[in-house]
Amino acid sequence: MPTVKGDGMRGLAVFISDIRNCKSKEAEIKRINKELANIRSKFKGDKTLDGYQKKKYVCKLLFIFLLGHDIDFGHMEAVNLLSSNRYTEKQIGYLFISVLIGANNDLMKLVIQAIRNDLAGRNPIHITLALQCVANIGSREMAEGLSVDIPKLLVSGDTIDSVKQSAALTLLRLLRSSPDSIPMGEWMSRIIHLLNDQHMGVVTAAASLIENLVKKNPEEYKGCVSLAVSRLSRIVTSSYTDLQDYTYYFVPAPWLSVKLLRLLQNYPPPEDPAVKTRLSECLETILNKAQEPPKSKKVQHSNAKNAVLFEAINLIIHMDSDPNLLVRACNQLGQFLQHRETNLRYLALESMCLLATSEFSHEAVKKHQETVITALKTERDVSVRQRAVDLLYAMCDRTNAEEIVGEMLEYLESADYSIREEMVLKVAILAEKYAVDYTWYVDVILNLIRIAGDYVSEEVWYRVIQIVINRDDVQGYAAKTVFEALQAPACHENMVKVGGYILGEFGNLIAGDPRSGSAVQFQLLHSKYHLCSPATRGLLLSAYIKFINLFPEIKHIIQDVLRSDNNMRNADVELQQRSIEYLQLSSITTADVLATVLEEMPPFPERESSILAKLKKKKPSSVPEGSEQKETTASKIPAVQMSNNVDIAPPTSINLMSQADELVSFSEAPPPSVFTFDSGPAPSAGGQSITLQGFDVGESSTDDFVDQGSPQGGSASVDLLGLGSPTQPTAPSVGSGGLLDMFDTLTSHSSAPATNGIDLGGLSGGAEEAFRKFICKNNGVLFENDLLQIGVKSEYREDLGRLWVFYGNKTTFQLNAFLVDVSTPGNLSESLSIQQKPVGGEVEAGAQVKQQFNMACVQEFAEAPVMTIQFLYSGAQQKISLKLPVVLNKYITPAEMDANTFFTRWKALNSPSQECQQIIKATSPIDHEQVKAKLIGFSVSVLEKVDPNAENFVSAGILYTRNQQVGILLRLEPNKQAQMYRLTVRASRDKVAKILCDLMQTQL
Amino acid sequence: MIKAILVFNNHGKPRLSRFYQYYPEDMQQQIVRETFHLVSKRDDNVCNFLEGGTLIGGSDFKIIYRHYATLYFVFCVDSSESELGILDLIQVFVETLDKCFENVCELDLIFHVDKVHYILAELVMGGMVLETNMTEIITRIEEQNKLEKSEAGIAAAPARAVSALKEMNIPQKVKDMKLPDLPSIGNLKF
């Protein structure tokens, strides 16, 4: 068929040959400029250019454009060509316009007019040209100008097939670019019937159009399901000779089959049993054909066949309803995993990712774990390896996490640079998600830093610190491990950051071993100091000041370092300031003040992983919780964005420092009891008060999450409260020590997991246990089930208290009609006045909302308010009743006194109603430190050297109520042999002693 | 949807570029270069799919390509397209070119940019697959060629008129005129 050759334009051929013969780029540009000048002058001067010449010049311009040169003229000539009656001139005109003219060109009005003329004409070949142009440009202006003509062409009876085909795709393009300018009308109801058209080309084009319409409005086009199924069935079950020209290498109409299978993926499995059966038969036939011997050895045959097969498998996975088909699909993919065609292995890995999220098939997919790991290690193509990583991530669960993470870590050492960052994120997410043993988690993350430190984003190491702080069972291990890791001669800066932070907090836990004694730890950290960036050095300086608190014996060494010119006179203002202020802090404060200021970080409230949260921010739509597959796609965050994000978060140490200034200037005054171990990455969102809980790991750049340290984002004084009033610096009430937390962990393990069930007392299951946990602490998780997590944080000053409740929606759906009601049983309302801030009616999927309560203590009370939370989840009413953790002891402020005063007052409170005594059986082995921590948590002081027996505890405090202040004295006598305590409480007001005694009793 | 169809040679010289989504001219050139860079460094027997470059839209897009002798045929598509389907479509495109140009080679693409566009326009329209049946596509191309020939005939008419006037020996012409042979009656079937 020698159709095209030999009828070209001579001038064009000569020009192209010239260009090709150019020896250099400059020569080429020169030749092109000459030609452009020539064409320009021809277009300008010679009014008598005939169609042939115009066509030739336009062709030359197209060629020049393809070589990468801008064409800024010739547009008008091209538009003129549109109105020619000659087909070839019209054709080149349209080509020039659709390649070169953007939608916003001034000439568009003329073009649209020409198009309208051609559409109105009777010549189908002209109509097709006009439609092509519309489809390729698809501007809003076109949509508005031609919105009536095109749908008419599509459904009209006397349009020929090829025009119908083009009209369908043109309409699709216009619907995409400006959906609102196409009037809906009668054509819509007729459009699905195009699936029955005789002409397969029309059906293919129509299927694309219908799929687009369906995506917007599935209900309206529901009828297409049965039509598509029957069409598919006719194609699949026919022998390939029936479709003649639409058979491609022995495969019947592969493109149409693919389109129809895609279309069906927009709907759930068909409801009509007949249609459903027919569809199942089709899918089975397609799966069966895959097992038949190939009808041709050509790759085209297997490609076309497998294109249909993969789409069928995707539909099976989408419907996720027929276990038989799912098993077959999984087996088929398993075969492809080992196929010699790389393309098929690639696609099999991709489809298996989908399959891994199906509840029926997750287990079946796991059978292929070995193969996938082999693929990860042996595939030559990085695209395929990347898919293997995705699949491993998707198929990971608690049972195989350790192995998969291990393999991924191993591979990371040799992985392509392009996928390292993503792999690091995935490993970090998996390790956290499936960690049973958090020592393993710590190992994994430290390994990550060791192997691929450069690719470990801030989020990853923030997160490990968050977790170590919150889980006291790993703190010792973490300290030991980072200590060992830091001993490597060269370690990554991220390792130094993690090491500095963890040793600063928990270095004391390993200091017992002389090999990792305080001085050794300090020397080790300091040996890295000079190799680090200023940000890391700042963090290390904070770690040093923490060391001064942990290890008073090396105070002088650290002070020397702080005093050195290298720090005190550092060019970096931040480092200079830290050095000076830390030095001052360590020199002028008493050990008690220092201990309070540099106290261990309080736990972070439980919340979702900062890494995942970040992913969600990036692609909110694509990361619904619980969908691992979606996480996979979302986690592909370019490194650049990651680091940008970090840059956004400025160090807050300025705020911190302003506090330190005060400290220095009022050297005699009681120091502020807030000091932050702020190490640079802390956010500045809420002003200085944030620094209380400081180092808000993971939320570094976002301010939409209400930081727990500064619920009001405001005054520091609110937060100061939390750590104990300035007059009683030794008795912090917030920062629950590690021992306390350990205790909490113990009790929460023994208590039944919280459920949706409501017990007889009207409270939700676990509510009572959860409530008790809060008697000695202020922050934590009050309730958790599959839908909701409720966290609490509170602060008290004298007779006033504030409590924030955080409602976290754990589902992927919005919780509607969210209502919180607080009731006060009995006459509690007389004793405790509660103000409740309103909470919004909805909680978005994965979101957290907070609610504030203000509670003033009027007089002593024994009951706790009951909080009832109601909401609609998937239309079902849910109700949770909990005790709001407000207890009398929260309103106590610790008091210090010497032995004399104590005993004088003790004796003064001698009436029976002022005393309450109980003998309590210990629930856990008696541990002096643990009990001490409990008492501090209970908001009373622990007075040393008052009781002659050092084993006994005596405590004092003042209970503030609106009406009066009540003195509280407490004595606790443990008996280790009998595992018993004797608890005596005396209070200057009747009934108070009894209430406090009852409360304290639950904690021992 | 197909976002772009690019053809370039082993040195990255563009031979065809067709964008179905608007990108400014310089962006188009950059996309061609980036895509060439991504594709050319791959071995011939690795898989035919990879994630799109950042310019065209990153990992939401796939590059599906085939390498024939001196030319790369590259389709940039979004996730709504079947990879193997597009791979076959490339094959159909190339086979069609092969039929139209008789053993198509790079030179045909260079000298007949317009024709290549017309052929492509019969396969893909506005980023969607229009027709896959090669017989149908070739029929349509042939129709266009016929039209072109007939128009070349009309365009040449004035020139022929002039030359006719120059040769005024009309009687001789008439004499030379031959009537077409009538089909022999014996061949006719009733």
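Residues numbered from 1 in each chain as written. Chains lettered and ligands numbered in written order. Predicted model: local features only at pLDDT ≥ 70, side-chain atom pairs only at ≥ 80, totals over all residues. Heavy atoms only, no water.

- Under the annotation held in an unreviewed UniProt entry, chain B carries the name AP complex mu/sigma subunit domain-containing protein and is attributed to Dreissena polymorpha.
- A UniProt comment under Sequence similarities (unreviewed entry) is attached to chain B, and it reads "Belongs to the adaptor complexes small subunit family." (UniProt positions renumbered as here; feature names shortened; annotations may be inferred.)

**Let's talk about the overall build of chain A**
Alright, step 1. Helix and strand counts for chain A stand at 45 helices and 15 strands.
Alright, step 2. Looking at the 1004 residues of chain A, the share that counts as buried comes to 58%.
Alright, step 3. Long-range pairs, those at least 24 residues apart, make up 68% of the contacts in chain A with a sequence separation of at least 6.
Alright, step 4. Surface summary for chain A: the accessible area is close to 40300 Å², and the carbon and sulfur share equals 51%. (Helix = DSSP H or I, 4+ residues; strand = E, 2+ residues; numbered from the N terminus. Buried < 20%, exposed > 50% of the residue type's maximum accessible area, 1.4 Å probe, protein only. Contact = heavy atoms within 4.5 Å. Areas by Shrake-Rupley, 256 points an atom, 1.4 Å probe, with all protein chains shown as cover.)

**Focus on the nonpolar core**
Residue and element names in this part refer to chain A.
Alright, step 1. Counting 275 residues, the largest nonpolar core has Ile115, Met142, Ile191, Leu195 and Leu448 as the members making the most contacts within it.
Alright, step 2. Ignoring anything within four residues of it in the chain, the contact list for Leu448 reads Leu409, Leu412, Val424, Val427, Ala428, Gly453, Val456 and Val460.
Alright, step 3. Membership of the second largest hydrophobic core comes to 69 residues, among which are Leu782, Val887, Ala922 and Leu970. (Core = buried A, V, L, I, M, F, W, Y, C linked by side-chain atoms within 4.5 Å.)

**Topic: helix 15 (residues 273–291) of chain A**
All names here are of chain A.
Alright, step 1. For helix 15, spanning 19 residues, the distance from its first C-alpha to its last is 27 Å, which sits close to the expected 27 Å at 1.5 Å a residue.
Alright, step 2. Buried within helix 15 we find Val275, Leu279, Ser280, Cys282, Leu283, Ile286 and Leu287. Each buried residue of helix 15 lies within a common arc of 155° when the element is viewed along its axis, so the set occupies one face. Relative to its buried face, helix 15 has exposed residues pointing more than 90 degrees away, namely Pro273 and Ala274.
Alright, step 3. Considering only its buried residues, helix 15 is in contact with helix 13 (224–237), helix 14 (254–264), helix 16 (299–319) and helix 17 (323–337). (Expected span 1.5 Å × (residues − 1). Arc of directions from axis to C-beta.)

**Let's talk about the packing of aromatic side chains**
Residue and element names in this part refer to chain A.
Alright, step 1. For the structure on display, the rule yields 24 aromatic pairs over all chains.
Alright, step 2. Ring centres 5.2 Å apart and planes at 80° place the aromatic pair Tyr796 and Tyr891 in the edge-to-face group. Taken together, the residues span a long stretch of sequence, with Tyr796 in strand 4 (residues 788–797) and Tyr891 in the loop between strand 10 (876–883) and strand 11 (892–894) at a distance of 95 residues.
Alright, step 3. The buried category is assigned to Tyr796, whose relative accessible area is 9%. (Phe/Tyr/Trp six-rings, centres within 6.5 Å; stacked < 30°, edge-to-face > 60°.)

**Considering the interface of chain B and chain A**
Alright, step 1. With 75 residues of chain B at the contact, the number on the chain A side is 77 residues.
Alright, step 2. Each partner contributes to the roughly 6700 Å² buried at the junction of chain B and chain A, and carbon and sulfur atoms together form 54% of this total.
Alright, step 3. Our count for the chain B to chain A interface comes out at five salt bridges.
Alright, step 4. One salt bridge connects A:Arg380 with B:Asp43, and the closest N-O pair in it is separated by 2.8 Å.
Alright, step 5. In terms of residue count, the dominant contributor to the side of chain B that touches chain A is helix 5 (residues 134–166) of chain B (13 residues).
Alright, step 6. Grouping the constituent residues of the side of chain B that touches chain A by class yields 29 nonpolar, 19 polar and 27 charged. (Buried area = accessible area lost by both parts, 1.4 Å probe. Salt bridge = Lys/Arg side-chain N within 4 Å of Asp/Glu carboxyl O. Nonpolar A, V, L, I, M, F, W, Y, C, P; charged D, E, K, R; others polar.)

**Brief notes about the pairing of strand 14 (residues 965–975) of chain A**
Residue and element names in this part refer to chain A.
Alright, step 1. Sheet topology note: the strand 13 (residues 953–960)/strand 14 ladder contains eight bridges and is antiparallel. Residue pairing across strands places Ala956 opposite Leu969, the latter belonging to strand 14.
Alright, step 2. The turn linking strand 13 back onto strand 14 is made up of four residues.
Alright, step 3. Here strand 14 folds back onto strand 15 (residues 980–987) in antiparallel fashion, the turn holding four residues, of which Gln979 has a positive phi close to 55°. (Pairing = 2+ DSSP bridges.)

**Topic: the packing of helix 24 (residues 438–452) of chain A against helix 26 (residues 472–486) of chain A**
All names here are of chain A.
Alright, step 1. Packing of helix 24 against helix 26 leaves a shortest axis separation of 9 Å and a crossing angle of 30°. Classified by the angle their axes make, helix 24 and helix 26 are roughly parallel. Helix 26 is crossed by helix 24, and the crossing has right-handed handedness. Contacts between helix 24 and helix 26 involve Tyr438, Thr439, Val442, Asp443 and Leu446 from the first element and Val474, Tyr477, Ala478, Thr481 and Val482 from the second.
Alright, step 2. Classifying every residue of the contact of helix 24 with helix 26 gives seven nonpolar, two polar and one charged. (Axes fitted to C-alpha atoms, helices over the stretch in contact; angles between N-to-C directions. Parallel < 35°, antiparallel > 145°, perpendicular 65-115°, else oblique. Left-handed = near helix turned anticlockwise from the far one by under 90°.)

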